[in-house]
Structure formats: C-alpha cells, structure tokens
Amino acid sequence: MSTRLTKGGRRIDRSQPVTFRFNGRTLRGYRGDTLASALLANDQMMMGRSFKYHRPRGVVASGAEEPNALMGIGQGGRFEPNQRATQQEVFEGLEAESQNHWPSLAFDVGEVNAALSRFLPAGFYYKTFLWPRAFWKHVYEPVIRQSAGLGKAPKDRDADTYEHYYHFTDVLVIGGGLAGLAAARAAASGGARVTLLEQSAHWGGRAPTDDDATDQVEALVADLSKMDHVTMRLRCMGAGVYDHGYVLGYERLTDHLADKTGPRHRLWRIRAAQIITATGAIERPLSFAGNDVPGVTLASAVRDYLADYCVSVGDRTVVVTNNDDAYLTALALDRAGLSVPAIIDARQEGGGDLAEAARARGIRVLTGHAVAKVTGRTRVTGVKLARQTGEGAVIEDIACDAVAMSGGWSPVVHLWSHCGGKLNWDDAEAMFRPDATRPPTGADGEGFVNCAGAADGVFAPGEILQAGAAAGLRAAGATGHPGQMPDLAGPSERPLRRANPLEPVWLMPASATRALRAKTWLDYQNDVKVTDVQLAAQEGFESVEHAKRYTTLGMATDQGKLSNINGLAILSGALDTPIPQVGTTTFRPPFTPISMGAIAGEARAETFQPLRRSPLHDWHAAHGADFEPVGAWRRPYAYVRPGEDRHSATAREITQTRAALGLLDASTLGKIIVKGPDAGRFMDMLYTNMMSTLKPGRCRYGLMCSENGFLMDDGVVARWDEETFLCHTTTGGADRIHAHMEEWLQTEWWDWKVWTVNATEQYAQIAVVGPKARIVLEKLGAEGVEGEAFPFMSFQNHRLAGIDSRVYRISFSGELSYEIAVPAGQGLALWQALLDAGAEFGVMPYGTEALHVMRAEKGFIMIGDETDGTIIPQDLGLDWAISKKKDDYIGKRAQQREDMARSDRWKLVGLKTLDGSVLPEGAYAVAPGHNANGQRNVQGRVTSTYHSPTLERGIAMGLVLNGPNRMGETVEFDTLEGGTVPARIVDPVVFDKAGEKQNV
Amino acid sequence: MFDPAQAHDTGVAITTSAPGMITLRGALEDTAFKAAVEEVSGLTVPEPREIVQSGEHRLAWMGPDEALLILPRDALCDTLAALETALKGHHALVADMSDARRLFHLTGPDAALRDTLARLCPVDMRAFQLGEIRRTRLAQIAAAFWMGEEGRLNLICFRSVAQYAEDLLSDAAGKGVVLH
C-alpha cells in the first residue's frame, strides 16, 4: 500500500495540515503536497480510468508528463476537468474528482470494453462504423459521443478572471532546474535583462533529489533574486516558442490557493531576443505486460514522492530498469527502510557504481532479466520474472505492491522544436537531442533558441552547470551583453559516478508473445498497446504521423510525453527501419494544455469585444432603440414603442418619414478627407466615375472597385474646396477604404501629393428626411435654402441652433433630405433641436431597417446586399456611374476581362411577386433541368427583399440572367418550405421614379 | 458606471479631459512645413516616437508624415486659422479632430501605471520613457499614449470605443502590480 512515512518530505510542512475532498471523501494532506502525493499518502493508488478500455489507472509520474491522474478540480464556476494531480497543489477545501468512470471509480460499467479489446483494435473507428451507412448518424455517432472525452465540460460561467501581460526581455530561460538557474546567472552577469520561468512551484528541478544539490540551487536563487534586471516566476510554464522570439508563458496564480482573489491565470506574452530551453528530461516507461496496473510508477517519480513528500508508493517495490538511474530509487527506498525485493536489470552486464552500492546494501540484483508480466488489477500484487532475451517464460513470481521502472530519459525537446529546431538521434543514449547546428532561426537567419542541461541530453550535474552557464553567456552575448562565467561551486566538484551505458529496451522481454504484447501499454491515456502500433505498421501506416492518427498514440491531452519515443521505437521495429528515419511527430505548442480563460484574457463580458457607439448612442438606447450590429457599431434597427414589434415600428417610421419628417443617425458613415494638388487625379483613380470635374460645393455619388473590378464601396463625395474632397463611405467600409487609399498612396502613387485623414469619428451626422425637412432647417436658422438656392447634390455651411454645421443636400430615401454634419460633441444638441423643431410635424427617428426599405423602394443598391465581392457595377446597371472618358481607374482593366464582359452575367432587376408576398432572402430563381450534381439549375437570386409599407406589398431586387431584357417575364423563386413563388421582372425603382418628391 | 474620481486599491485613478486636437499631415522633415508648424504651435516638430510639450500645448509624432497638436479648447479656432494661413502654399492637411478622440489620464504609482498598460498593450513598459509616445493596440482597439511626467500617463483612443477603453483601463488598473 502507498503511505506517508513518519519523517521528512522536503516540500511539505507538517505543521500545516490541510483537508480536501476526493470523490466526496474528506482526506488529509499537508501544505506543500500535490494532489497526487496526498492521495498516495491516503493509499488512494487508483486515480482514474483509461479512455478506451476504462482500465484502472494510478499515478505514473510526478510532474507535467502525467498521463493517468487527471482530475476534475473545483466546483460550479470554478470546475475544470483534466487537471494533472501531479501538478495540482492541495489547499484547504480543495475539491477533486476522478474521471472517466461510471458509476464509480472502483466499479465501472465501461470496463467491459477491456474484455472486448480484441474487437477494438487500432483504427477501429475507421473500420467498424462504415456500414450500414445510416447507422453513423443515429447509432454510432451518438454512442461514440457519449463515451468520448475524458473530463466533463464545465457547465457554469467561469467565476475567475484572467489577464495577459506583455513582457520584453533580452534572454528568456525556460526551466528553473540547475541548467536554467546557471544559464540565468551567467546571462545576467553582463547586464542583460533576464527572465526565468519554472512551471513547478520549486526551483532546482531534479537536482535536490538526484544530485543532493539543494545548497547549490538555493545559492543560485538567492543570487538571482538580488538582481533588478532578472525576473523570476514559479508556476509559470513556457507554453510555446513562436517566430521572432515570441513566447507564451502560462502562470497559475491562484490554482494552489484557497483564496481565489485576483486573476486566476496570467498569460505572459513575451518577446525575447534569445531563448534558452532548459526544460529537463522525462523518464520513459518500460514496455512490459501489465505496465499500467496502479502501482507501476516511473522510478524517478518514486524517488520524488519519497524525497519531496515522504510518501512511499509501496512497501515492497521491485525496480526494473535498462540503465543505472533506477538504482538511485532502490537505494533511496532501502535507506528509508522500505523493502526492495529485487532490482531487475535488462542489461546482461548490469550497472556500475550504483549497482555495487545496491549489492553492498544486500539488495538482490538480477541482470539480463525482465518483467514478463505484472499481476494485479486495481493495484500491483507481484511481478513474474523472465529472461530479457526470451518470450517471457516465467522463472519466478516476486510478490510486491509497487514497481519502479526506468527505460532511460527523453530530453524535453518540445520548446526547442516548436519553431523549427532540429533533432539528432543519439544511438548511445537512445534519445533525440537538439542539434545545436540547426536551431530555430530568426529574421536574420541566426539561431535564437539555445538548449541546455538534460534537455540537451546532458545529465551529469557538473556538466549541467557548465553547459547552462555557457548557454547563458552565449545568449547574453548575442543580445550585446557579454558576461563572465560565474563561480559555480557544488556538485560539479564531486567525483563522477562510474555508470554502465544504457541498453535500449523497447519491449520486455525482447520477444514477448502476442498475449503479453496485447497487455503492454505504450500510451496510457489513449490506451494504445504495442500490438496496436504493430498492426498499424502491418496495415501500411508507415509514416509516423499516419500511425499516430490511426492508433491515436500521443493524441491525448499529454500529447505522448511518455509514449512517443517508445511508440516510434516499436514502429521502427515493425517497419525494420532505424528510429531516426522513422522520425518524430511534430511538437506543437502548448507544452501542456493552457486554460481558455488565459487565452481570452480581458476579452470577456463587457470587454469581450469593442462596441463602437455613435455620439447619439445613449439617446437611442433611452428611446426604445432595438440595436443591430453594423460592423463593430451598434445602430438602431428600429425604435420600438410599447405595443409594437420591429416590423410595425419600421412601417410606422417609413410612413411618417414619407408623409412628413424623419431623422436618421448617419454618424457611423465613413468620412475621409482627401486633400492635395493631386487629389482630383487620385479621386479619379479611386472611383469609377469622374470626380475631378466636380465643382467645389457640389456632391456626386461614386462607386469604388477593387483592382479585380469588383464593387467594394459606394457613397457621396463632396468637394470641400479646389484641393479637398470628403469621401463618404459605408458604415462598415470606413477603415477598410481608408487603408485602401493609403495602400495605393504609399505603394503605387507615392509621388502624388495627396494626404488623407479618416475623420469619421470627428462628426455627428444627422439625416433630416421628408417633405418638412426644409421647414425644420429654416426654423433652426438656415437661410437661403429654397429650391435652386440650395440645389440637390450640393452642400452649404449654416449655423443651425447655434451650432456650426455643414449641410449636405443628398438623399438615400427619395425624399427631400439633408444630412447635417457637426462636431461629434454637438451631435446630441443638434438632434434635440431637430426633435423640438420637428415636433409639430410629428418627427420620428428611424432606424436602419426603415433606411433599407426606403432605399430599396427607390431601387438604390446597398453594399453587402446587392454586392458580395463577386459583383461588378455593370451587373447592377450602374454603367452611368462608370466614366468612359477616363484612361484608367482601379478595377477598369479587370472589368474588361472576358468573364466580366460577357453578356450573360446575372443583372439587377426589380422583382414583384404575383401574390404580393415577400420573397425569401437569398432565394434562387429556378431554371429548367438539372446540373451535373443533380441540383436544380438556377437563373438568378434575390439580393434585397422587404415588405414595403408605402406600396403595401413585398418588394425585392435580384440578379437575374439577362434580367433587364426580360421585363414583364415571370420567374419562379425557390422557398425554404419547398415549392416556388412566381415573381415578375420589373423596374427596380418602384417609388417616385421621376424623383418629384426629392427635387422640390 | 465610470466614476472619474474613482481611485483603485492600486492607487491608480482614471480621469478624462477634452482638449483641442489638430491632426497635421505633411512631410515632417520638410523645413518649410516644420517652420510653419513651429511658428504657430511654439513647439519643435518632434522626432519619431516623441511628444514635446510647452505649457498646455503638446505636439506628438504620429508617423513620418503626421503630427497631432493638443491644445486648450479655447485656443482651437485661432490655431486652426493660423495653421491654415501659415501652411498656405504648402502641401499639408490640417484637420480639427478634437471630437474624434477621447483623452484619458491615469495617475498613480509608476509601477502600477506601467503594469496597467503592460496588460493591454504590446509595448515594453519597463523601457517606456518620459516624453515618448507610442501608437499601438490597447487590447482590441487602436490607441496612443505618453507620459509627460512621472506618475501621470495619458492615453487617447477613438471616441466611439471610449467606453470599451474605460472598462479595460479600470479593470487592468485594479489588478495591481506584477513586477516591482
């Protein structure tokens, strides 16, 4: 059984007991415990069930690589699934629950999957659910969805807050072990700004446990802490390395605390000139049958639990290894008074100095041997001993309650590899190591990532210190801050141990029978066995990337930290191809999953997205505005009064405006000032029509096309003076069109004398619309605005209600209409004055829907309705707005292409349903016959469709094949309900064609 | 809602003001243009990423061919007219943008001010100098900021997104100091 020993435990504080709950049971631990160590201390060896077969699983590791002990942590708004118990620190009141079991951890119905395992081979998803076809939707998918996933998704809104933090540093060191500390110390010696991140709650990595280097670690930390230009963060993982030295750090601020005040996570967005990855190494499991039974643990983790938390995984621990390191575990257990029945070393020649020490302490050491099989179901009861070279014939049963295994070490090369650092296979050590000659490179072609310590395949403590410091100096030197080699006393001065080389052991025993291989786990979290990988190879999945996806090896939340190397070694064996040729799968960030909250940062609730508000926004909100999004703006769709819906409010607004007077907040329209001696020339290129001939004081409607000829924006241009134009753009188009202008000015016509300013935000603009518009203007003080004194498509400056105003006589509704521009801060005052002056005419504000209906009644196009990025002005019958006199304009050449110029493009027409109904939005006009895909042929589509309160029937515009030549013809439009609606092709202008209302 | 007098636990207070703002577009290296602007504003045309100040007048570098003159509202009309006159015949654009932007002032301990913006802007706030101006991104919107003196940080953004900026700044200022 696993238990807490009476004395010791480097990280725990026995004077501070804490209580926490696991699956509803109240348990006790100490401050400093991880959830995993505290559970082991309570003899809770089983910590979850596996993904596919629901096999009982215990903790395997002691850090970020843990695949099994995944928990749901917290409750309600603080619940989060799939958290590693090995990294979660306990605190008073912690709530944890194990995952992937039903109804309970101890008894699970899904375990039947394990009995059916021979029917769930690699790729079973792809093989099993193909037939019958209809079963996928109704049977297979629902069942798979039910059983898929590990943790439960949180149901409540996240109760915590998160933040981002932008940080800039010369040298970033990822990993606070001996190598990282030495690197930071050396890098800081020349004055470089240094940042050091450590994902755990402790400095030193494995050094205190494996190298007795606590003093050395403390001295380095103390030195660094004194330096102002050094930033050190614990519980902050280097999550990903990206181009140009951009790194994400993931800091967990309150996950270890009972007090959840303040942001929960902080996402560090770091720009580093140089990066050092000192990320250590991960011990590999050995592949023998039953290597997933709770109690089978990495040898290094057994040492960690003993040294850091004074917890023993078992009373009797068999150690199995292919290298010398695991002997450290045996010695530590023996020193702690625990029993080590045997050290099973796969190597014929056994170990070096440490093996001698073990023998000297009377520990039984068996060389050239293997574990044939682990016995036990929910916990280890023993191992069956065999020869490593055989098929697994059992020599002896050894009773034990824990197995400590070591298959060698895999350097954590993830962060080195994220941005393209290359690896070499080291045959002697059986591991992939960073190739220092092929680092990730920056914009200058030089490497910006350095690797140091165990992450570089360097394991002797003295060498780690030197290598770390050297990397630190190299990195700091590259940033222009050369330093000096610090004095690094300590373990480096100790004599090196004589060790025997590791022997690669990818399967134990080497020729294990199929029955044994089918119980030999490679990927614990996704239940991938040796036989699965061999089957994938046999079925032709030879690429490591294909084999990964076919078997799901390394696809779980741990991304194969323990399994990838063992898995590809098996694949290499099955393909009879050397490991380096098989290669690794791609290492992608983040190193371990980071929270969605940390990614979102401040972007939640009110600050989820910036909303743009017009200067009149608050007035609208206070007067029943039902807002709709237009780009990032919120514009009133309609002002809904009590007893109305959107539809009836819109009808009221239109009727009132056409009868007397309406007001529209047009402030959101883009307003771009274009000025300079070449402004006219520039305008002629921007717009399809001739703008340079516009007289100062006059306005002209214009179209803007992309260089591919497609209509991208429209609006009224006013010539303020000889050199200055104001371009009105659509609401959503202002920023885009301004950027378009600047792009042409900066890249193509850099020698033209033109300046632009996007003045959209400077003005409030109010449209005064309807037969009474002129009277209201006069009431507010405008003089000389009668008839030809202030003609249509011109502007004048007036002082209205005491406010300096620029009044544009333009109309988008067919009514007599003025748009009044005033400084934004004066907008509300003018609006209020207009409401007061218009009260006698029953003035009403109207929203965007009324605007849309009124323009559609006049046959005016709308960017985004009649256009969709594939429409040219000629499609919309706007040839009158395309100048024939100009040599060029943006899009002209494109419009001469064959496809643009062909005669059978769909063209704009009005559509009038025979029954007066409103055509469905986007409906297609059907044509006889079917296309090659068996779909109905089509000959047009609806682009705008509304109920017109003016005409008391549906009105629509659409693009129809040869439309303008087919006036009076009837075409059928598809409906969503099935069937078709007949509509007659008519003139798009259905209201006041002669313009009598507007030209008064 | 926003209380301009609100002081956060971190000692950061946020207020707003509405001075005049004039956008100037012209070649900032052009001597004639420079002389005209300097004559009217009484300020030297700033170097890249610099903002210069004299009394209540500030002149900010906004780009290689754009500057922003910030001045008291009551001097706005006269200055606009003076600039138009002084720049007559030069290729330049003078635009009154006083209502287009909102100006925020954050006051408080230096570290708290710098960390407030470090949460929202991709700018090296440790290295940010007095007299420097940065046009950058404030979370999801465009903004510019400068520090004229220790303990006072000024930030402008477009008027339509002022509420968003205010929410962001209040929130970030309340989160305290990351690096002392």
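Only a predicted model underlies this, so the values are computations on that prediction, with no experimental measurement involved.

Here is what the cut-offs are and how they apply
Residues numbered from 1 in each chain as written. Chains lettered and ligands numbered in written order. Predicted model: local features only at pLDDT ≥ 70, side-chain atom pairs only at ≥ 80, totals over all residues. Helix = DSSP H or I, 4+ residues; strand = E, 2+ residues; numbered from the N terminus. Rg over C-alpha atoms; globule rule 2.2 N^0.38 Å. Buried ≥ 20, exposed ≤ 12 C-beta atoms within 10 Å, placed from the backbone. Contact = placed C-beta atoms within 7 Å. Core = buried A, V, L, I, M, F, W, Y, C linked by C-beta atoms within 7 Å. Axes fitted to C-alpha atoms, helices over the stretch in contact; angles between N-to-C directions. Parallel < 35°, antiparallel > 145°, perpendicular 65-115°, else oblique. Left-handed = near helix turned anticlockwise from the far one by under 90°. Nonpolar A, V, L, I, M, F, W, Y, C, P; charged D, E, K, R; others polar. pLDDT = per-residue confidence, 0-100. Domains from an automatic or database assignment. Pairing = 2+ DSSP bridges.

## Quick word on the overall build of chain B
Then, in step 1: Counting secondary structure elements, chain B contains 4 helices and 10 strands.
Then, in step 2: What you see in chain B, going N to C, is helices and strands ordered as β-β-α-β-β-β-α-β-β-α-β-β-β-α.
Then, in step 3: Its C-alpha atoms give chain B a radius of gyration of 17 Å, near enough to 16 Å, the size a compact globule of 180 residues would have.
Then, in step 4: With the principal axes as the frame, chain B shows a C-alpha extent of 55 × 30 × 30 Å.
Then, in step 5: Expressed as a percentage of the 180 residues in chain B, the buried residues total 45%.

## Things to note about the overall build of chain A
Then, in step 1: Secondary structure assignment for chain A yields 26 helices and 49 strands.
Then, in step 2: With the C-alpha coordinates aligned to their principal axes, the bounding extent of chain A is approximately 115 × 70 × 55 Å.
Then, in step 3: Once local pairs closer than 6 in sequence are excluded, the contacts in chain A between residues at least 24 apart make up 67%.

## Section: helix α25 (residues 848-857) of chain A
Then, in step 1: Of all 10 residues in α25(A), 7 are buried; the element is thus mostly enclosed.
Then, in step 2: Looking one or two residues beyond α25(A), the residue adopting positive phi is G859(A), at roughly 75°.

## A word on the nonpolar core
All names here are of chain A.
Then, in step 1: With 340 residues, the main nonpolar core has V173, A183, A187, V403 and V768 as its most contacted residues.
Then, in step 2: Counting residues per element, this core draws most heavily on helix α5 (residues 178-188), at 9 residues.
Then, in step 3: A187 has contacts with V171, V173, A192, V194, G472, L473, A475, A476 and G483, leaving out every residue within four places of it along the chain.

## Some details on the packing of helix α20 (residues 646-659) of chain A against α25(A)
Residue and element names in this part refer to chain A.
Then, in step 1: Orientation of α20 relative to α25, taken along the N-to-C sense of each, is 60°, at an axis distance of 9 Å. Between α20 and α25, the angle falls in the class oblique. The handedness of the crossing between α20 and α25 is right-handed. Along the contact surface, α20 presents R646, T650, E653, I654 and T657, while α25 presents E849, A850, V853 and M854.

## Focus: the interface of chain B and chain A
Then, in step 1: Counting residues at the interface gives 34 residues for chain B and 32 residues for chain A.
Then, in step 2: Contributing elements (two or more residues each) for the side of chain B that touches chain A: β2 (20-25), β6 (93-96) and α4 (162-173) of chain B.
Then, in step 3: When its residues are assigned to classes, the side of chain B that touches chain A shows 18 nonpolar, 6 polar and 10 charged.

## Topic: the confidence of the model for chain B
All names here are of chain B.
Then, in step 1: When pLDDT is averaged along chain B, the result is 93, and 94% of the positions lie at 70 or above.
Then, in step 2: Counting interchain partners and residues more than four positions distant, the pLDDT-below-50 stretch residues 1-8 has 8 contacts.
Then, in step 3: Both scores are given for the predicted complex: the pTM is 0.93, the ipTM 0.95.

## So, helix α15 (residues 544-551) of chain A
Residues and elements named next belong to chain A.
Then, in step 1: Listed as buried for α15 are V544, A547, K548, Y550 and T551.
Then, in step 2: Elements in contact with the buried residues of α15: β30 (528-529), α14 (530-538), α16 (564-575) and α17 (579-582).
Then, in step 3: Just past α15, the residue T552 takes up positive phi, approximately 70°.

## Some words on the domain arrangement of chain B
Residue and element names in this part refer to chain B.
Then, in step 1: Splitting chain B by domain gives domain 1 (13-17 + 100-173) and domain 2 (20-96).
Then, in step 2: Its C-alpha centre places domain 1 at a distance of 23 Å from the equivalent point of domain 2.
Then, in step 3: Listing elements by their share of the side of domain 1 that touches domain 2, those giving two or more residues are β8 (133-138) and β9 (141-149).
Then, in step 4: Sort the elements by how many residues they give to the side of domain 1 that touches domain 2 and β8 lands first, with 3 residues.
Then, in step 5: By residue class, the composition of the side of domain 1 that touches domain 2 is 2 nonpolar, 2 polar and 4 charged.

## A short note on the pairing of strand β24 (residues 402-406) of chain A
All names here are of chain A.
Then, in step 1: For β24, the buried fraction is high: 5 of the 5 residues fall into the buried class.
Then, in step 2: Judged by which residues are buried, β24 turns out to be covered on both faces: A402, A404 and S406 on one side and V403 and M405 on the other are all buried.
Then, in step 3: Where strand β16 (residues 296-298) and β24 come together, 3 bridges link them in parallel fashion. Across the sheet, the residue bridging to V296 is V403, located in β24.

## Some words on the pairing of strand β44 (residues 906-913) of chain A
Residues and elements named next belong to chain A.
Then, in step 1: Counting buried positions along β44 gives 6 out of 8 residues, so the element sits mostly inside the fold.
Then, in step 2: Across 6 bridges, β44 lies against strand β47 (residues 953-961) in antiparallel orientation. Bridging from a neighbouring strand, W906 pairs with L961 of β47.

## So, the packing of helix α9 (residues 326-335) of chain A against helix α10 (residues 353-360) of chain A
All names here are of chain A.
Then, in step 1: For the pair α9 and α10, interaxial distance at closest approach is 9 Å and the crossing angle is 25°. Comparing the axis directions of α9 and α10 gives the class roughly parallel. Our pair here, α9 against α10, has a crossing hand that is left-handed. Each of Y327, L328, A330 and L331 in α9 lies in contact with α10, whose residues at this interface are L354, A355, A357 and A358.
Then, in step 2: When its residues are assigned to classes, the contact of α9 with α10 shows 8 nonpolar, no polar and no charged.

## Some points on the sheet that holds β24(A)
Residues and elements named next belong to chain A.
Then, in step 1: Spatially, 5 strands are ordered β16-β24-β18-β19-β20 in an open sheet, and the strand pairing comes out parallel. Of all strands in the sheet, those with a lone pairing partner are β16 and β20 (365-367), marking the two edges. Each strand axis lies, on average, 20° off the axis of its neighbour in the sheet, ignoring direction.
Then, in step 2: Contacting β18 (317-321), β19 (343-345) and β24, α9 runs over the sheet at an angle of about 165° to β18.

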